[in-house]
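Understanding the architecture of this molecule
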Amino acid sequence: MNLRLAWLRWSGRRPAVRAWALMSPGAAWLLLFFLLPLLFMFGSSLMPARLYGGVDLGFTVEHYKQFFEPVYLWILWRTVLYSLACTALCLLMGFPVAYVITRAGSWKNLLVFLVVLPFWTSFIVRTFAIMFLMRDTGVINTVLLATGLIDEPLALMPSGLAVMVGLVSGFLPFMVLPIYSSLEKLDPSLLEAAEVLGARPVARFTKIILPLSMPGIVAGSLLVFIPALGSYVTADLLGGGKSDMMGNLVQRQFTTAGNWPFGSASSFVMMAMVLCAVFVYLQQRDRAQAMGA
Amino acid sequence: MTAVYLFLHLPLLVLVVFSFNDSKFVTWEGFTLRWYSRLWDRQDIVDSLWVSLQVGLASTAISALLGTLLALGLARHRFRGRTAVESLLYVPVATPEIVVGISLLLLFGSLRMQLGVDTPSIVAIVIAHVAFNISFVTIVVRARLEGMDRNLEEAAMTLGADEVTAFWKITVPQLWPGILSGALLAFTMSFDDYVITSLLTGPGTSTLPIVIYTMARKNIEPSVNAISTIILVGTAVLIWISDRLSRDKPLTSH
């Protein structure tokens, strides 16, 4: 008891000490098991590869050079392209949904719940559900064959199309929710005022709704783009090795290909892209806030 | 609008429906529960469920504790190095899972090869899940802390409670829903994780997502549908419970 009082009295005068006492276990965990491994990985991306996995001591930048071979650049390009396309599609599909939800009245809660639900649902299960529909013996092909519309199964999967379907359905909720919450804050009297003053629907949309929902659009785009960039499961299950993305390249280096340093270097290229996205986000966020103000 | 909702939910609905189909193929042959009863015969599925629960509970407990402490330190105190801690918190949120998994694989692999330190894979998995989850718990709890009324604590202390009593009687009950939703988020992410776990797993530590993944790739029979349905129902129950719990606030400011 006296010890407790003494500690309270001592630390009460030193807020920083108390803050660090509270934070140190969590911060230490993050340093040791998050930051340190990342640094370690960066180090190993600059070291020579050992045959069948592992690293040798030494210094080399050959793994970053290797990345500029067409095979790997192609995967990088595909990753960026898929992620951008996924973000655009999510925006096109998500914005109208978010907009409708804000005006749904008593249905609002249910509609929001239905968007949140997939977020809590296992990603593997959701991806499998798409496989179940799209594979050769899947529901779509079975139905089409039964109705006689086609004679042999459509090659829906594995394909880039299937990967896109998987990415969009996987990350769509991340787009809807931020846009919804910024649309929710929009004051309806602004729209009424615009209408009274003679603004047409298109003008009301581009001059009021769009600028004011910009923070949500920007945040949603980041929340979709980043996991899409880093995705692995989707392309693995739905792309069948034909539509590999960066995640699959990295994974392969540590398993079958057994080139750890090259895998590390590829991971860092991926991290660099994520950081670029965050950087663009921070810039756009400030602009969006300026626009909304 | 409806199309988007169908796009999100129809695949899952179809998946559930066909888990009750009395055929290996996707033509409806009548209702059956045999794919469910078959699950119990598969020792690997039962074992993996057990591993998943262990990993999920252990990593949730640790990350909820550490994350809450971090949130308290960050929200309640001004100090030097705050920005550094904050950036440290946001790195895991933006880092792709595959990178997290690979970097830890490298760390544990080198510990074994260079120093002869062997980390059991279940420990490695828990460590990884905690590292990934702390930030999410902290963000959720901190949001709750910032919306809280500090006057209550001060009132309690004015009325003679010491700081520790005020903390346990006033702060913790108010904070509880935040900790709970943070913990729920952590548990779902841990229970659901395939990418990180698959890189760190070893013999005997396959989690449920790993078994489902392997089954989904081979996809021979509707048992995958059955186990997926069970997970879906489990998730729904969990969300419902958490919704209930966060509504029952033991102490409100009114």
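Details of the structure are given in the entry above.
A brief look at the structure comes next. (Residues numbered from 1 in each chain as written. Chains lettered and ligands numbered in written order. Predicted model: local features only at pLDDT ≥ 70, side-chain atom pairs only at ≥ 80, totals over all residues. Heavy atoms only, no water.)

1. Here's the deal with the overall build of chain B
So the rule is basically this: Helix numbers and strand numbers start at the N terminus; a helix is a DSSP run of H or I with at least 4 residues, a strand a run of E with at least 2. Exposure is judged per residue with a 1.4 Å probe applied to protein chains only, and the accessible area is read against the type maximum: over 50% gives exposed, under 20% gives buried, and values in between give partly exposed. Residue contacts are defined here by distance: any two heavy atoms, one from each residue, within 4.5 Å place the two residues in contact. Each accessible area value is a Shrake-Rupley result obtained with a 1.4 Å probe; residue values ignore everything except the protein chains displayed when judging cover.
Counting its regular elements, chain B contains 11 helices and 0 strands. The N-to-C order of helical and strand elements in chain B reads α-α-α-α-α-α-α-α-α-α-α. Each principal axis of the C-alpha distribution contributes one length, and for chain B these read about 70 × 55 × 35 Å. Burial status across chain B gives 52% buried among its 254 residues. Considering only contacts in chain B between residues 6 or more positions apart, those separated by 24 or more positions represent 72%. Put simply, chain B shows about 11,900 Å² of open surface, and 65% of that area lies on carbon and sulfur atoms.

2. Some remarks on the overall build of chain A
Rules: Only C-alpha atoms enter the radius of gyration; for comparison, a globular chain is expected to reach 2.2 Å times N to the power 0.38, where N is the number of residues.
Summing up its helical and strand segments, chain A has 13 helices and 0 strands in all. For chain A, the sequential pattern of α-helices and β-strands runs α-α-α-α-α-α-α-α-α-α-α-α-α. Radius of gyration (C-alpha) of chain A: 25 Å, far over the 19 Å computed for a compact globule of 293 residues. Counting only C-alpha atoms, chain A reaches 75 × 70 × 40 Å along its principal axes.

3. Re the interface of chain A and chain B
Condition: Buried area is a sum: the accessible area each of two parts loses on coming together, probed at 1.4 Å, counted once for each and added. Here a salt bridge means any side-chain nitrogen of Lys or Arg lying within 4 Å of a carboxyl oxygen belonging to Asp or Glu. Two N or O atoms form a polar contact when they lie within 3.5 Å of each other; inside protein one atom must be a possible hydrogen donor and the other a possible acceptor, and for residues adjacent in sequence the pair counts only when both atoms belong to side chains. Polar here means any residue outside two lists: the nonpolar Ala, Val, Leu, Ile, Met, Phe, Trp, Tyr, Cys and Pro, and the charged Asp, Glu, Lys and Arg; Gly therefore counts as polar.
Contacts between chain A and chain B engage 77 residues on the former and 71 residues on the latter. Carbon and sulfur atoms make up 83% of the surface buried where chain A meets chain B, a total of about 6,800 Å² over both sides. Broken down residue by residue, the surface that chain A buries against chain B is led by A:Trp29, A:Phe34 and A:Trp120, which jointly contribute 11%. A salt bridge links A:Asp236 to B:Arg217; the shortest N-O distance between them is 3.2 Å. At the junction of chain A and chain B, the tally comes to 7 residue pairs in polar contact (both at pLDDT 80 or more). Sorting elements by how many residues they give to the side of chain A that touches chain B places helix H2 (residues 15-45) of chain A first, with 23 residues. Its residues assigned to classes, the side of chain A that touches chain B comprises 58 nonpolar, 13 polar and 6 charged.

4. What about the pattern of salt bridges?
All names here are of chain B. In this structure the tally under the stated criterion is 7 salt bridges over all chains. Between Arg 34 and Asp 22 there is a salt bridge, with its nearest N and O atoms 2.8 Å apart. Residue Arg 34 is located in helix H2 (residues 34-41), and its partner Asp 22 is located in the loop between helix H1 (2-18) and H2; the two are separated by 12 residues in the primary sequence. Taking relative accessible area as the criterion, Arg 34 reaches 33% and is therefore assigned partly exposed. A relative accessible area of 32% places Asp 22 in the partly exposed class. A salt bridge links Arg 142 to Glu 146, with the nearest nitrogen and oxygen atoms 3.4 Å apart. Residue Arg 142 and its partner Glu 146 are both found in helix H6 (residues 121-146); the two are separated by 4 residues, about one turn of the helix. A relative accessible area of 53% means that Glu 146 is categorised as exposed.

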